Structure formats: structure tokens, C-alpha cells
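Descriptive structure summary
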Amino acid sequence: LEVVRRGEQMSFQDWAAFFLENYSKPPIRAAKTHEANMRAIGHLQQAFGKWRLADLTADEIEQYLRRRLKQHARVKTGSGFKELNLLKPTTVHQEFRVLRRTLSVAVRKKLLPANPCAGVEFPVSIRGLFRPHYVAWSEQQLIEFHAPDYFRNVIRIITETGLRVYKELAPMKKDQVDLENAFVWIPDSKTP
């Protein structure tokens, strides 16, 4: 009960400082990781510094991410600050990863009942619908013709089943294939 009460009263700024000191510095994490964590937490503290840990919600975090994606990168120069292009989604996503890790440790320390980042969907801009390329029979024959003998069966399996090479086909074992029923069992597949 005392730990829960402490989590309800602790500010994000205090927890972030504690996290950087105890869970981010070497030898627990690499020096470069610590630098990235400090940079990300600097931006997070500007947004959530005075907030209590218990007040952070998934909606507030999503709003923060949307705001950050609309901001321009700022670089310090000799004459002051210079604004560049919009922040890249990878930069904002790194901040989100640091926030998620920070709050996960708070959950593990029982300062929060659950990580609000679990309910956050990272906002992405869709440039166009994903259109998979289906290999035509003539293309498959051309690939098989130019491939070495030992690759021809692999190419046929990949093109006709859609198995992922390193994640599904390469680790496959003999007992996962049932030739009589034309059935393959893939335990780690992303798709059903």
C-alpha cells in the first residue's frame, strides 16, 4: 500500500531521474544507450515533467507523439538555434520506446498498476496502400532456371507457399511436414 501511495504521489520528473540513475547508466546499459535515454527523457520531461506517474494515460501519450511528429528538429549553432525539417518518425519512436521502458520499470516496482504505453498505437502516415508483388509463373520459372540445383526446390516452396525464408522455412524440421495430408505446421508464424 505504501508503494502504491508513493507511485500516486511521485512525479514523472522524479521517476525519470531515478530511472536514469539506476537503470540507464553503465554497466547496466551501454554508454550510447544512456545518452539516447537522456536525450529522449529530456523531451519527455518537457511534456510530462510535472505530471504524476498515475496521471499518465494512453491518450495523453498519443497526443504527445502526434505533437512531436509535427515539430521541427532544432540544432544548436554558434548564433543560436536553427530549425530544420520535421522530426523523423524514428526519432519520435525512440522517445516512445524510452518512455515505454521507463514506465515498464515503474510497473515492475509497483509504482503503477499497468503501463499506459500498452494502449498506445504509434501514429503513422500512410504513403500508399501496401501492394504485395505476386510472382508470376513465368517469373518463377526464370528464377528457378538461373538458380543452382540445390536452390530450385527452396525457390518453389517460397514462391508457392509464401513462407518467410529465415523465420519459417530455414528453422523447419522434418516432423513439421506432413506430406500425406499436404500440411505444414509452423509454430512461430506471424500469420494464421
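Since the structure is predicted, the reported quantities are computational estimates derived from the model, not experimental observations.

Quick notes on the overall build of the protein
- The secondary structure content of the protein amounts to eight helices and four strands.
- Element order for the protein, N to C, with α for helix and β for strand: α-α-α-α-β-β-α-α-α-α-β-β.
- Against the globule reference of 16 Å for 192 residues, the protein gives a C-alpha radius of gyration of 24 Å, more extended than a compact globule.
- In terms of principal-axis extent, the alpha carbons of the protein reach across some 65 × 50 × 35 Å.
- Across the 192 residues in the protein, those meeting the buried criterion constitute 28%.
- Excluding contacts between residues fewer than 6 apart, the proportion of contacts in the protein whose partners are at least 24 apart in sequence is 51%.
- For the protein, the computed accessible surface area is about 14300 Å², with 55% contributed by carbon and sulfur atoms.
- Computed over 31 positive and 21 negative side-chain charges, the separation of the two mean positions in the protein equals 9 Å.

Focus on the pattern of salt bridges
- If you walk through the whole model with that rule in mind, you get seven salt bridges.
- We note a salt bridge from Glu21 to Lys25, for which the minimum N-O separation is 3.0 Å.
- For Glu21, a relative accessible area of 48% puts it in the partly exposed group.
- The partly exposed category is assigned to Lys25, whose relative accessible area is 33%.
- Taking the shortest distance from any N to any O, the salt bridge between Glu95 and Arg68 comes out at 2.6 Å. Of this pair, Glu95 sits in helix H5 (residues 89–108) while Arg68 sits in helix H4 (residues 58–70), and the two are 27 residues apart along the sequence.

Concerning the packing of aromatic side chains
- One pass over the structure, following the stated rule, counts eight aromatic pairs.
- On the basis of an interplanar angle of 85° and a centroid distance of 5.5 Å, the ring pair of Phe48 and Trp51 is categorised as edge-to-face.
- The structure contains a cluster of three or more aromatic residues connected by ring pairs, namely Phe12, Phe48, Trp51 and Tyr64.
- When the ring centre of Phe81 is taken as origin, the NZ or CZ atom of Arg74, which lies over that ring, is 4.3 Å away.

What about the packing of H4 against H5?
- Two elements in contact, H4 and H5, have axes whose closest approach is 9 Å; the angle formed by their N-to-C orientations is 155°. Between H4 and H5, the crossing angle belongs to the class labelled roughly antiparallel. Viewed along their axes, H4 and H5 form a crossing whose handedness is right-handed. Where H4 abuts H5, its residues Ile61, Tyr64, Leu65, Arg68 and Leu69 lie against Pro89, Val92, Glu95, Phe96, Leu99 and Leu103.
- Split by residue class, the contact of H4 with H5 holds nine nonpolar, no polar and two charged.

Here's the deal with the nonpolar core
- Grouped together as the largest cluster of nonpolar side chains are 31 residues, with contacts concentrated most on Leu53 and Ile61.
- Here the element with the most residues in this core is H5; it accounts for seven residues.
- With residues up to four places along the chain from it excluded, the contact list for Ile61 reads Phe48, Phe96, Leu99, Leu103, Pro116, Cys117 and Val120.

Some remarks on the side chain of Ser11
- On the secondary structure map, Ser11 appears in the loop between helix H1 (2–9) and helix H2 (12–24).
- What makes Ser11 buried here is its relative accessible area of 13%.
- Of the polar contacts made by the side chain of Ser11, one reaches the side chain of Asp14; its length is 3.1 Å.
- In this structure Ser11 touches Gly49, Lys50, Trp51, Arg52 and Leu53, once residues within four positions along its chain are discounted.

Focus: helix H3 (residues 31–48)
- In this model, H3 (18 residues) spans 25 Å end to end at C-alpha, consistent with the 26 Å of a helix rising 1.5 Å per residue.
- Buried within H3 are the following residues: His34, Ala36, Asn37, Ala40, Ile41, Leu44 and Phe48.
- Residues of H3 that are buried sit in contact with H2, H4 and H5.

So, how was this worked out
- Within every chain, residues take consecutive numbers counted from 1 along the sequence as written.
- Where local features are concerned, this predicted model is filtered to residues with pLDDT of at least 70; where side-chain atom pairs are given and counted, the filter is 80 or more; whole-chain, interface and lining totals use all residues.
- Here the side-chain values reflect all heavy atoms present in the structure, with hydrogen atoms and water set aside.
- Numbering of helices and strands runs from the N terminus; a helix is a DSSP stretch of H or I covering at least four residues, while a strand is a stretch of E covering at least two.
- Between the two quantities, the radius of gyration covers C-alpha atoms and the globule rule is 2.2 Å times the number of residues to the power 0.38.
- For every residue, the accessible area obtained with a 1.4 Å probe (protein chains only) is divided by the maximum for its type, and the residue is called buried under 20%, exposed over 50%, and partly exposed between those limits.
- By definition, residues are in contact when any of their heavy atoms lie within 4.5 Å.
- Here the open area of atoms and residues is found with the Shrake-Rupley method and a 1.4 Å probe, where only the protein chains shown may cover a residue.
- Only four residue types enter the charge count: Lys and Arg as positive, Asp and Glu as negative, with His and the chain ends excluded.
- Where a charge lies is defined by one atom per residue type: Lys uses NZ, Arg uses CZ, Asp uses CG and Glu uses CD.
- By convention in these notes, a salt bridge is any Lys or Arg side-chain nitrogen within 4 Å of a carboxyl oxygen on Asp or Glu.
- A pair of Phe, Tyr and Trp rings is counted when the ring centres sit within 6.5 Å of each other, with Trp represented by its six-membered ring. The angle between the planes then sorts it: under 30 degrees is stacked, over 60 is edge-to-face, the rest tilted.
- Either the NZ atom of lysine or the CZ atom of arginine qualifies as a charge over a ring when it sits within 6 Å of the ring centre and within 35 degrees of the ring normal.
- Every axis in this analysis is a line fitted to C-alpha atoms, fitted for helices over the stretch in contact. Angles between the N-to-C directions lie between 0 and 180 degrees.
- For this classification, under 35 degrees means roughly parallel, over 145 means roughly antiparallel, 65 to 115 means roughly perpendicular, and everything else is oblique.
- Crossings are assigned a handedness: left-handed for a near helix turned anticlockwise from the far helix by less than a right angle, right-handed for a clockwise turn.
- Three classes are used, and their members are as follows: Ala, Val, Leu, Ile, Met, Phe, Trp, Tyr, Cys and Pro are nonpolar, Asp, Glu, Lys and Arg are charged, and the others, Gly among them, are polar.
- Only buried residues count toward a nonpolar core, which is a set of Ala, Val, Leu, Ile, Met, Phe, Trp, Tyr and Cys residues joined through side-chain atoms within 4.5 Å.
- Polar contact is the term for a pair of N or O atoms within 3.5 Å; when the atoms are in protein, one must be able to donate a hydrogen and the other to accept it, and sequence-neighboring residues count only if both atoms are side-chain atoms.
- To estimate how far a helix should extend, the number of its residues minus one is multiplied by 1.5 Å.

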